[in-house]
Amino acid sequence: MARMVTTRRKVISTAAAWLVGFLIFFPILWMVLASFKTELEAFAIPPSFLFFHWTTENYATVQERSDYFHHALNSIIIAGGSTLIAMLIAIPAAWSMAFSPTKRTKDVLLWMLSTKMMPPVGVLVPIYLIYRTFGLLDTRSGLIFILCLGNLPIVIWMLFTYFKEIPKDILEAARMDGATIGRELIYVLTPMAVPGLASTLLLNLILAWNEAFWTLNLSTLEAAPLTVFIASYSSPEGLFWAKLSAASTLAIAPILVLGWFSQRQLVRGLTFGAVK
Amino acid sequence: MATQQTQLLARTLLTPAVALLFIWMIVPLALTIYFATLHYNLLDPGSESFVGLENFRYFLTDPAFLASLQNTLVLVGSVLAITIILGVPLALLLDQQVVGLSIVRLMVIAPFFVMPTVSALVWKNLLMHPVSGLFAWIAHLFGLPAIDWFNDAPLFSVILIISWQWLPFATLILLTALQSLDEEQKEAAEMDGASAISTFIYITLPHLARPITVVILIETIFLLTVFAEIFVTTGGGPGLQTTNIAFLIYSQALIQYDVGSASAGGLVAVVLANIVAFFLVRIVGRNLEA
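These numbers come from a predicted model, not from an experiment.

As for the overall build of chain A
In terms of regular secondary structure, chain A is built from 13 helices and 0 strands. Along the chain direction, N to C, the helices and strands of chain A fall in the order α-α-α-α-α-α-α-α-α-α-α-α-α. For chain A, whose C-alpha radius of gyration is 23 Å, the value lies well above the compact-globule estimate of 19 Å for 276 residues. Overall, the C-alpha framework of chain A stretches about 75 × 70 × 35 Å when taken along its three principal axes. Every one of the 276 residues in chain A was classed for burial, and the buried ones make up 55%. Separation between the mean location of the 20 positive side-chain charges and that of the 15 negative ones in chain A comes to 14 Å.

Okay, here's the thing in structure tokens:
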């Protein structure tokens, strides 16, 4: 231990940290609790915290409305599809910039970063009109395409920073041994790149899953993912708190789990390597 | 040693990504600029005509624009202030020796992974509802009148929700930066009899200057175009009280179908974002060389 930490200090910081952590987490906890209440109890004042009649009927109702699965499936296909395609385009690009950098590599990287800075609302009008013309409104492929482009700069950047850390000597050794570029890619690079690939995949899956500008504007029903489905609960006549909570819990649970795994990569991915 | 062959290969591998991003950046932007010079309303097809800078004049002198610009700035500024003023002490706290730190970290980071429509609706209904919300009940416990959040302080309510979403981000980045701070430096300061406060001011805070800048820039980029949280809670209202630039452009484009004016607004948003992006790209670029 580097520094002497008194027990008293440890107790105080532990208590404070747990209290603050609990407060920050509370809205999510409260939502999960509400999802197990009846609609009446979810509304009740004073609210019941644990001693209510626990029920899973909201989850049953949400799933009975067959459209929940439809939207969940859309979320999986759109988030998964856009991430995979982005990875396929980004891996070669990042590989090339990390291992055969030229004088312009830095400029290319910064230019890619700057495309991410363009506010989506700045191009909402043309994208909407192009989509309308080509019948892409409310289609999964339309959303996959736009989310893929939106996240491509982040994917390339993350992969670049990971690839950059792979020691080049190893590649040269492999080349000396007569490995072709193909073999070099499969047997040398891939195993070393897997952790970076995995965390890039994870972070972008999360970003695409939660994306709520293009999904809200370009889809209504057929291709609508969970972000749009949940938004439909905002209409006054749709105010069923317990069901809203159940649908929300289902919508965020998988991503919360993935997010917890990728919290360290989050910093790296979202700051473009500016904070390590 | 890069041979000519590998260089050619490298260029080939890079091309698809560059081409796609180039098209993605140029085509819609060029169209936005083009539409911005037209009188073009989707409800009135066939009436398109060139009007020069008329749309910009209309958009920039529209009282709704000034109101939404003000709302955008207040929203971005407040969320930045809240997330950093709370984020610094929170990161310092999590940098202490805490029993069960990994669980606390999970709880703190969780809001960032909640999709915007969920956090907005959960806050609006379960917490901030003037009659059945938890906040109303807590106010009642203390004998205070319940606040009708979205009527009495709509913009503040939106700010509160968005701050909750972004506090974890600021905290996590600041915490990461704190953990790279040299422990020995702090120890040396302590041995020299520096108080906790002066250690913080002269050692910790300067070390946090850069990550704080990064947090400010990145949050600003995302916060300038906050949309979903407003879309599902207030719809920009009451009146224009929670309409930011992004929402104004959306309502002009997809509710009033005024393509020309919305495009002009879109370009204003692009310019605003670019001012911020300019500084962010410079910081990141400097880091790339180091």
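Further notes follow.
Quick look at the UniProt feature "transmembrane region" (unreviewed entry) in chain A
All names here are of chain A. Under the UniProt annotation, the feature "transmembrane region" (unreviewed entry) is placed at residues 12-33, 76-96, 108-131, 143-163, 184-209 and 240-261. Here residues 76-96 is 100% helix and 0% strand, with 30 Å between the C-alpha atoms at its ends. With 100% helix and 0% strand, the stretch residues 184-209 has end C-alpha atoms that lie 34 Å from each other.

Focus: the interface of chain A and chain B
With 104 residues of chain A at the interface, the matching set in chain B holds 99 residues. Where chain A abuts chain B, roughly 9300 Å² becomes buried across the two surfaces, and 79% of that area is made up of carbon and sulfur atoms. Counting across the chain A and chain B interface gives 0 salt bridges. There are 8 residue pairs in polar contact (both at pLDDT 80 or more) connecting chain A and chain B. Counting residues per element, the side of chain A that touches chain B draws most heavily on helix 1 (residues 7-35) of chain A, which supplies 18 residues. Taken together, the residues of the side of chain A that touches chain B sort by class into 77 nonpolar, 18 polar and 9 charged.

Concerning the domain arrangement of chain A
You'll often see interface size given as the accessible area lost when the parts meet. Residues and elements named next belong to chain A. Parsing chain A into structural domains produces domain 1 (7-58) and domain 2 (66-270). Each of domain 1 and domain 2 has a C-alpha centre, and these two points are 32 Å apart. Counting residues at the interface gives 12 residues for domain 1 and 12 residues for domain 2. Summed over both partners, the interface of domain 1 with domain 2 buries about 930 Å², with 75% contributed by carbon and sulfur atoms. Considering only the surface of domain 1 that becomes buried against domain 2, M31, E39 and F43 emerge as the three largest contributors, covering 50% of it. Counting across the domain 1 and domain 2 interface gives 1 salt bridge. Of the charged contacts in the structure, one is a salt bridge between E39 and K243, with a shortest N-O distance of 3.1 Å.

Structural notes on the nonpolar core
Ranked by size, the top nonpolar core spans 195 residues in total, and within it I28(A), I156(A), F163(A), W214(A) and I230(A) carry the most contacts. Inspection of this core shows a minimum of three residues originating in each of domain 1 (7-58) and domain 2 (66-270) of chain A. Dropping the residues within four chain positions of it, I230(A) is found in contact with L244(A), A247(A), S248(A), A251(A), M115(B), T117(B), V118(B) and L121(B).

A look at helix 3 (residues 57-64) of chain A
Residues and elements named next belong to chain A. When we look at burial in helix 3, the residues that qualify are N58, Y59 and V62. Along the axis of helix 3, the buried residues cluster in a sector spanning 100 degrees; they form a single face. Looking at the buried side of helix 3, the elements it contacts are helix 1, helix 2 (39-43), helix 4 (67-99) and helix 12 (241-261).

Let's talk about the packing of helix 5 (residues 116-127) of chain B against helix 6 (residues 134-141) of chain B
Residues and elements named next belong to chain B. At a minimum axis distance of 6 Å, the contact between helix 5 and helix 6 shows a crossing angle of 40 degrees. In this structure, helix 5 uses W123, L126 and L127 to contact helix 6, whose residues at the interface are L134, F135 and A136. The residue inventory of the contact of helix 5 with helix 6, partitioned by class, reads 6 nonpolar, no polar and no charged.

Thoughts on the environment of E39(A)
All names here are of chain A. Of note, E39 is situated in helix 2. What makes E39 buried here is its relative accessible area of 17%. Residues E39 and W241 lie 202 residues apart in sequence; the distance between their C-alpha atoms is 6.4 Å. Once residues within four sequence positions are removed from consideration, E39 is found in contact with N58, F240, W241, A242 and K243. Here the side chain of E39 touches W241 through a polar contact of 3.1 Å, landing on its backbone nitrogen. A polar contact is formed between the side chain of E39 and the backbone nitrogen of K243, at a distance of 3.0 Å.

Here's the deal with the UniProt feature "transmembrane region" (unreviewed entry) in chain B
Sequence positions flagged by UniProt for "transmembrane region" (unreviewed entry) are, in local numbering, residues 12-36, 73-94, 106-123, 154-178, 212-232 and 263-284 of chain B. Helix makes up 100% of residues 263-284 of chain B and strand 0%. Its end C-alpha atoms lie 30 Å apart.

Thoughts on the packing of aromatic side chains
In this structure the tally under the stated criterion is 30 aromatic pairs over all chains. An angle of 90 degrees between the planes, with centres 5.8 Å apart, marks the rings of F229(A) and Y233(A) as edge-to-face. Given a relative accessible area of 4%, Y233(A) falls into the buried group. Between W149(B) and F156(B) the ring centres are 6.3 Å apart and the planes differ by 20 degrees, which places this aromatic pair in the stacked class. Of the residues examined, W149(B) reaches a relative accessible area of 13% and is grouped as buried. According to the relative accessible area criterion, F156(B) is partly exposed, its value standing at 41%. Feature note: the residues F213(A), W214(A), F227(B), F231(B), F247(B) and Y250(B) constitute an aromatic cluster, connected by ring pairs. Lying across the ring of W30(A), K37(A) places its NZ or CZ 4.2 Å from the centre.

Quick word on the UniProt feature "domain: ABC transmembrane type-1" (unreviewed entry) in chain B
UniProt annotation of "domain: ABC transmembrane type-1" (unreviewed entry) refers to residues 69-280 of chain B when read in the numbering used here. Annotated as 75% helix and 0% strand, the span residues 69-280 of chain B places its first and last C-alpha atoms 22 Å apart.

Points about the confidence of the model for chain A
Reading predicted coordinates in detail is not appropriate for stretches of low pLDDT. Mean pLDDT over chain A works out to 84, with 95% of the residues at or above the 70 mark. The weakest mean pLDDT in chain A belongs to helix 13 (residues 263-270) of chain A at 73; the strongest belongs to helix 1 of chain A at 92.

Remarks on the side chain of S75(A)
Residues and elements named next belong to chain A. On the secondary structure map, S75 appears in helix 4. For S75, a relative accessible area of 3% translates into the label buried. In this view, S75 contacts G80, W209, P225 and L226; residues no more than four positions away in its chain are not counted.

Rules of the game
- Residues numbered from 1 in each chain as written.
- Chains lettered and ligands numbered in written order.
- Predicted model: local features only at pLDDT ≥ 70, side-chain atom pairs only at ≥ 80, totals over all residues.
- Heavy atoms only, no water.
- Helix = DSSP H or I, 4+ residues; strand = E, 2+ residues; numbered from the N terminus.
- Rg over C-alpha atoms; globule rule 2.2 N^0.38 Å.
- Buried < 20%, exposed > 50% of the residue type's maximum accessible area, 1.4 Å probe, protein only.
- Lys, Arg positive; Asp, Glu negative; His and termini not counted.
- Charge placed at Lys NZ, Arg CZ, Asp CG, Glu CD.
- UniProt positions renumbered as here; feature names shortened; annotations may be inferred.
- Contact = heavy atoms within 4.5 Å.
- Buried area = accessible area lost by both parts, 1.4 Å probe.
- Salt bridge = Lys/Arg side-chain N within 4 Å of Asp/Glu carboxyl O.
- Polar contact = N/O pair within 3.5 Å; in protein donor to acceptor, adjacent residues only side chain to side chain.
- Nonpolar A, V, L, I, M, F, W, Y, C, P; charged D, E, K, R; others polar.
- Domains from an automatic or database assignment.
- Core = buried A, V, L, I, M, F, W, Y, C linked by side-chain atoms within 4.5 Å.
- Arc of directions from axis to C-beta.
- Axes fitted to C-alpha atoms, helices over the stretch in contact; angles between N-to-C directions.
- Phe/Tyr/Trp six-rings, centres within 6.5 Å; stacked < 30°, edge-to-face > 60°.
- Lys NZ or Arg CZ within 6 Å of the ring centre and 35° of its normal.
- pLDDT = per-residue confidence, 0-100.

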